[in-house]
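# Coordinate analysis (summary)
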Amino acid sequence: MLANTTASDTEATTTASTGGPTTPSGRPPRSSLAGRARPGEAVIKLVLRLAAAVAVLTTIGIVIALLVPAIGFFREVQVFDFLFGDRWAPRFADASFGVIPLVTATLWTTAIALLVAVPLGLGAAIFLSEYARPRVRNTLKPILELLAGIPTVVYGLFALQFIQTTVFREWLRLDTGAFSVLAAGLVMGVMIIPTVASISEDAMSAVPMSLRQGSFALGANRMQTSLRVVFPAALSGVMAAVVLGISRAVGETMIVAIAAGSQARIVTGPLEQGQTMTGFIANAALGDSRVGSLEYDTLYAVGLLLFLITLIVNFISIRLVRRFRQAY
Amino acid sequence: MASAPDNAPMHLHATHPGQVPDYIARPIMRVENVDVYYGDFRAVTEVNLEFGLHEITALIGPSGCGKSTLLRSLNRMNDLIDGARVDGEILFHGENIYSKGVDPIEVRRRIGMVFQKPNPFPKSIYDNIAYGPRVTGMKVESMDDLVEESLTRAALWDEVKDKLKQSAIGLSGGQQQRLCIARAISVRPDVILMDEPCASLDPIATMRIEDLMQELREQYTIVIVTHNMQQAARVADRTAFFTAQVSEGTGARTGVLVEYGTTTQIFEDPNDQRTEDYISGRFG
Amino acid sequence: MRTLQDSLAGAPTMPLKTGKAHGERRAGPLIFLIVLWLSLAVAVIFLLTLIVNLLLEGGSRFGMPLFTEYPSSSPDRAGARPAILGSIWVIATTALLTIPLGVAAALHLEEFADKKHWFNRIIELNVQNLAAVPSIVYGLLALAFLALIGVRDKNIVIGGALALSLLILPVIIIATREAIRAVPSEIRDGSLALGATKWQTTWRQVLPASVPGIATGSILALSRALGEAAPLLLLGALVFVSFDPNGLLSGFTTLPIQIFNWTGRPQEGFHELAAAASILLLGLLLLMNGLAIFIRNRYQKRW
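Calculation notes
- Residues numbered from 1 in each chain as written.
- Chains lettered and ligands numbered in written order.
- Predicted model: local features only at pLDDT ≥ 70, side-chain atom pairs only at ≥ 80, totals over all residues.
- UniProt positions renumbered as here; feature names shortened; annotations may be inferred.
- Helix = DSSP H or I, 4+ residues; strand = E, 2+ residues; numbered from the N terminus.
- Rg over C-alpha atoms; globule rule 2.2 N^0.38 Å.
- Domains from an automatic or database assignment.
- Contact = placed C-beta atoms within 7 Å.
- Nonpolar A, V, L, I, M, F, W, Y, C, P; charged D, E, K, R; others polar.
- Buried ≥ 20, exposed ≤ 12 C-beta atoms within 10 Å, placed from the backbone.
- Pairing = 2+ DSSP bridges.
- Axes fitted to C-alpha atoms, helices over the stretch in contact; angles between N-to-C directions.
- Expected span 1.5 Å × (residues − 1).
- Bend = angle between axes of the 7 residues up to and from the residue.
- Core = buried A, V, L, I, M, F, W, Y, C linked by C-beta atoms within 7 Å.
- Parallel < 35°, antiparallel > 145°, perpendicular 65-115°, else oblique.
- Left-handed = near helix turned anticlockwise from the far one by under 90°.
- pLDDT = per-residue confidence, 0-100.

For chain C, the name recorded in an unreviewed UniProt entry is Phosphate transport system permease protein PstA, with Agromyces lapidis as its organism. Under Sequence similarities (unreviewed entry), UniProt gives the following word-for-word description of chain C: "Belongs to the binding-protein-dependent transport system permease family. CysTW subfamily." The Subcellular location (unreviewed entry) field of the UniProt record for chain C holds the comment "Cell membrane".

The name given to chain A in an unreviewed UniProt entry is Phosphate transport system permease protein, with Agromyces lapidis as the source organism. Taken verbatim from the UniProt record of chain A, the Function (unreviewed entry) comment is "Part of the binding-protein-dependent transport system for phosphate; probably responsible for the translocation of the substrate across the membrane."

Below is the structure:
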């Protein structure tokens, strides 16, 4: 079985052990551990690093691309007049560049979208995380995610043709025109449900089982456990989901460009039409604006405002996600 | 093959073939004043050891005593962990493997490693063996011959020779581990480090690996970390016993080498009380 | 004062059924569960309504002319042929541009980068942030970039692909990183312990093992690009294209843009065409999603 004695027994010499080089029998001496030069690897690593740097370059590119024309814009228009002016008429003879009308439309569509997406998204998340058996969950989740995969032009078409025209005007006989921020906001809300649901569900699933068991052991039922134990524990994740939902709603373009309307005026009710910031950019792009013209610069000034808003919102969301990842 | 300490290790050891002298006649590796750190945490301290050519050396001791950490620093696998650092010298054929100009890639080729969990690549059996020679640019006359030779040495050839193109994932745990040994020897290393190679195997598979180690030691030097004292007693020529020292201030556990000698001496006549307590099952 | 023993002695006499008052069948929890069900039901009903509505509106126009005809001022003669070909051109170019770049960036971040280095942390933060930048901003970026390098006619395939590539790059990076992370470290250790270099290990072990995950993520990202319209709108893709695109510098329009165009026309016939083209677009997206799920289930290894 364990037949042989060691080779070292037969080859043993009586010299005291040293760390000096020895040559294993039958093999050529290999004295150095110095490696081969591998210039190829260095090149590859550099290429990979450059590829990763494209992400940074993109951000820098966005900032420069937005800033340069925006600076041109603010040479012509006071920052104060832009931010707080209540008349948006960039193409008129007596042009006015108050962005408030665009902002009110964005606020309306975003608020309506959140009113739809937050309760429904959270409801779906609690059901999937706390109630659904794995099989039910594995069927429902892809269906829910389909909602996120539908192109926004298709949503826009649906909002305009079905929700606004058929439901609001023909069925409900609401006092509304061809477009409304309500139709755009509602559909946008449904589009955002999967975003809110999936991030909230991640956060709730990350809550340790022991917390739930502790609650059940005290005689609490599922509802009490979900609302009083799991939900508070997952709150920062839920907040992150809501914040990301806000970011999606503010930045969404096609739905509002199609269904919210194209008249820039201060929106005072959900059945009015209105032009959002993104809606303005999309619409202005349809016209032919030369590089360097004030129209072109206006596009980028609004784009910069949009970018800054979503940037702030995104950072809040990233922070919140980090917090719930650290908690457990 | 029970994991509880045997009260008569002498009996087990009586059948051991490798009766080695007290001194190491032909050292191949030498560990001098080695401390291993992970960041600020000192995992192992003040280790001095020598590994004899074509000998099997076992590193034993309770969990958390740093034996695996030390093993991973012997072929610079520790380099891959952020913040890992080795103080002192580890000499291989007299050359410090941590000195400047030494290529860790070359170190790992010359000092192979077998892991606790069998980790065959998700490729065919043949490609698992051929992988090492290919990536290290070994000049091979016939890859088929090299694959056969490696598998034969790892006592796996007869079982797999008809299914070399099949995925290695389909093999049993014991076969996978022997495949990993075959893979390790395919690049012709001098030393094979084994990190609890039988920890996830059943007793029969464990026995086959132990038999295999006896055959391998004719060509290779083996350093094995094991939790299982009987395994050390059965296979090793020399044994090093480690334990964890708990720092009074911080409660940090640092591994220290307690005693190193021939396996016979460690198991039959330990010099240190801690060794004797561990061997006789009083702790660990 | 009651002692512990008293209360213990008293306990068995309390009927266990009182637990029902707090149980799952009380009105409150039941209504709660119904509300949860409803929130899912609303989403699903909405989805079904949308699809049924599209089929009713566009079903009659969904036929060969949609695929073979060019746009026309008369809805009865109009088709989406250039838009379909344009979408194929733009998406294929986008895939070629962005997948290698995204995979390379992900490999750097997961396998090579020192995660504590400031540069890599900035990259990481950037990727996360870029993933949530509104798509129309990428259109502004591409527009400015093309203007900078002096391209006069910005509605070209490569321009659209550039905008969409940057748009989905973070998505591909994130998906690839997840796929790479799923490869167990034992495989890397096994390879490195044989004397393979870091790159050999990455190229021969890690990358092949993560191909299914990368493919799934890339297909999903490309399906997002396929449905995207806003950035292309800025490049001026809303033009009357009555020719087949035939190269990277060729003018183009895409399916979503064509849908947008038809939606804005007053004639009812164009609205039907928009619905028909939407059916086609949704079908394509479903196909891509199905393929992604198939790859995930079929090839993804369980370690």
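That was the structure; now back to the text.
Next up on the list: the overall build of chain C. When its secondary structure is counted, chain C shows twelve helices and zero strands. What you see in chain C, going N to C, is helices and strands ordered as α-α-α-α-α-α-α-α-α-α-α-α. Since a compact globule built from 303 residues should have a radius of gyration of about 19 Å, the 27 Å found for chain C marks it as more spread out than a globular shape. Dimensions along the principal axes, computed over C-alpha positions, put chain C at roughly 90 × 65 × 35 Å.

Looking now at the domain arrangement of chain A. Residues and elements named next belong to chain A. Examined at the domain level, chain A breaks down into domain 1 (46-89) and domain 2 (100-327). Inter-centroid distance (C-alpha atoms) of domain 1 to domain 2 is 25 Å. The partner domain 2 presents 14 residues to the 13 residues of domain 1 that form the contact. Of all the secondary-structure elements, those providing two or more residues to the side of domain 1 that touches domain 2 are α2 (39-76) and α3 (79-84). Split into classes, the residues belonging to the side of domain 1 that touches domain 2 amount to nine nonpolar, two polar and two charged.

Right, let's talk about the interface of chain B and chain C for a bit. The interface is formed by 20 residues belonging to chain B together with 15 residues belonging to chain C. For the side of chain B that touches chain C, the elements supplying multiple residues, two or more each, are α3 (104-110), β6 (111-114) and α4 (125-135) of chain B. In terms of residue count, the dominant contributor to the side of chain B that touches chain C is α3(B) (four residues). When grouped by side-chain class, the residues that make up the side of chain B that touches chain C number ten nonpolar, five polar and five charged.

Turning our eyes to something else, we now look at the UniProt feature "transmembrane region" (unreviewed entry) in chain A. Residues and elements named next belong to chain A. Listed under "transmembrane region" (unreviewed entry) in the UniProt record, and renumbered for this structure, are residues 46-74, 107-131, 143-164, 176-199, 229-247 and 299-321. The span residues 176-199 is 79% helix and 0% strand, and its two end C-alpha atoms sit 35 Å from each other. Along residues 229-247, the helical share is 95% and the strand share 0%, with 28 Å between the first and last C-alpha atoms.

Now for the UniProt feature "domain: ABC transmembrane type-1" (unreviewed entry) in chain C. Annotation from UniProt places "domain: ABC transmembrane type-1" (unreviewed entry) at residues 84-292 of chain C. Span residues 84-292 of chain C is 76% helix and 0% strand, its end C-alpha atoms 21 Å apart.

Our focus in this paragraph is the UniProt feature "transmembrane region" (unreviewed entry) in chain C. All names here are of chain C. UniProt's entry tags residues 30-56, 83-109, 130-150, 156-175, 232-253 and 273-295 with the feature "transmembrane region" (unreviewed entry), counted in the numbering of this structure. Taken end to end, residues 83-109 comprises 100% helix and 0% strand; its first and last C-alpha atoms sit 37 Å apart. Helix makes up 14% of residues 232-253 and strand 0%, whereas the separation of the span's terminal C-alpha atoms amounts to 8 Å.

Time to look at the pairing of β6(B). Along any regular strand, the residues point their side chains to alternate faces of the sheet. Residues and elements named next belong to chain B. The alternating pattern of β6 places Ile-111 and Met-113 on one face and Gly-112 and Val-114 on the opposite face, and all of these are buried. Looking at chain direction, β6 and strand β7 (residues 191-195) are connected through four bridges and run parallel. Residue pairing in the sheet places Met-113 in a bridge with Leu-193 of β7.

Bringing the environment of Trp118(C) into the picture now. Relative to the assigned elements, Trp118(C) resides in helix α5 (residues 118-130). For the pair Trp118(C) and Phe294(C), spaced 176 residues apart in sequence, the C-alpha to C-alpha distance is 39 Å.

Attention now moves to the interface of chain C and chain A. If you look at the interface, chain C gives 70 residues, while chain A gives 69 residues. Counting residues per element, the side of chain C that touches chain A draws most heavily on helix α2 (residues 27-58) of chain C, which supplies 17 residues. Among the residues making up the side of chain C that touches chain A, the classes are represented as 50 nonpolar, 18 polar and two charged.

Residue and element names in this part refer to chain B. Reading across the sheet, the ten strands line up as β5-β4-β1-β2-β10-β9-β3-β8-β7-β6 and stay open at both edges, with mixed pairing between neighbours. The sheet terminates laterally at β5 (95-96) and β6, the two strands that pair on one side only. Strands in contact with helix α2 (residues 67-74) are β1 (27-38), β2 (41-52), β3 (56-60), β4 (84-92), β6, β7, β8 (221-225), β9 (238-246) and β10 (253-262); relative to β8, the strand with the most contacts, it is inclined by about 150 degrees.

Residue and element names in this part refer to chain C. Across its 25 residues, helix α7 (residues 157-181) extends 34 Å between first and last C-alpha, which sits within 8% of the 36 Å expected from 1.5 Å per residue. If you look at α7, its biggest bend is around 40 degrees, right at Ile-168, and the proline Pro-170 turns up within four residues after that. Of all 25 residues making up α7, 22 are buried, and the element is well covered by its neighbours.

Here we take up the environment of Gly137(B). Position of Gly137(B) among the secondary structure elements: in the loop between α4 and α5 (143-153). The spatial distance from the C-alpha of Gly137(B) to the C-alpha of Val187(B) is 9.7 Å, given a sequence separation of 50 residues.

This part is about the nonpolar core. Grouped together as the largest cluster of nonpolar side chains are 200 residues, with contacts concentrated most on Ala159(A), Val187(A), Ile193(A) and Ala277(C). Examining the composition of this core, we find that 17 residues originate from one element, helix α4 (residues 100-131) of chain A, more than from any other. Setting aside chain neighbours within four positions, we find Ala277(C) in contact with Leu66(C), Ala80(C), Leu255(C), Gln258(C), Ile259(C) and Trp262(C). Counting 84 residues, the second-largest nonpolar core is a separate cluster that includes Val47(B), Met77(B), Leu91(B) and Ile97(B).

A few words now on the packing of helix α6 (residues 152-171) of chain A against helix α7 (residues 181-205) of chain A. The description of two packed helices rests on the angle between their axes and on the distance between the axes. Residue and element names in this part refer to chain A. At a minimum axis distance of 9 Å, the contact between α6 and α7 shows a crossing angle of 130 degrees. Taken together, the axes of α6 and α7 are oblique relative to one another. Considering only the axes of α6 and α7, their crossing is right-handed. Residues Tyr-155, Phe-158, Ala-159, Leu-160, Ile-163, Gln-164 and Phe-168 of α6 pack against Ala-183, Ala-184, Leu-186, Val-187 and Met-191 of α7. In terms of residue class, the contact of α6 with α7 is built from eleven nonpolar, one polar and no charged.

Below, the discussion takes up the pairing of β9(B). Residues and elements named next belong to chain B. Examined bridge by bridge, β3 and β9 share four bridges and lie parallel to one another. In the sheet register, Ala-58 faces β9, and the bridge partner there is Thr-239. As paired elements, β9 and β10 share nine bridges and run antiparallel to each other. Residue pairing for β10: Phe-241 is matched across the bridge by Glu-259. The antiparallel hairpin formed by β9 and β10 contains six residues in its connecting segment, where Gly-251 sits at a positive phi of about 80 degrees.

Let us look at unusual backbone geometry. The backbone of Glu46(B) sits at a positive phi, close to 55 degrees, despite the residue not being glycine. Here Arg188(B), not a glycine, exhibits a phi torsion of approximately 55 degrees, which is positive.

What follows deals with the environment of Leu194(C). Relative to the assigned elements, Leu194(C) resides in the loop between α8 (185-192) and α9 (198-227). Excluding anything up to four places from it in sequence, Leu194(C) contacts Arg109(B), Gly112(B), Tyr131(B), Gly132(B), Val135(B), Arg183(B) and Val187(B).

Interpretation of this model should avoid reading the predicted coordinates in detail wherever pLDDT is low. Of the residues in chain A, 89% reach a pLDDT of 70 or more, and the chain-wide mean stands at 87. Every residue in residues 1-31 of chain A is under pLDDT 50, and counting partners more than four places away or in other chains gives 51 contacts.

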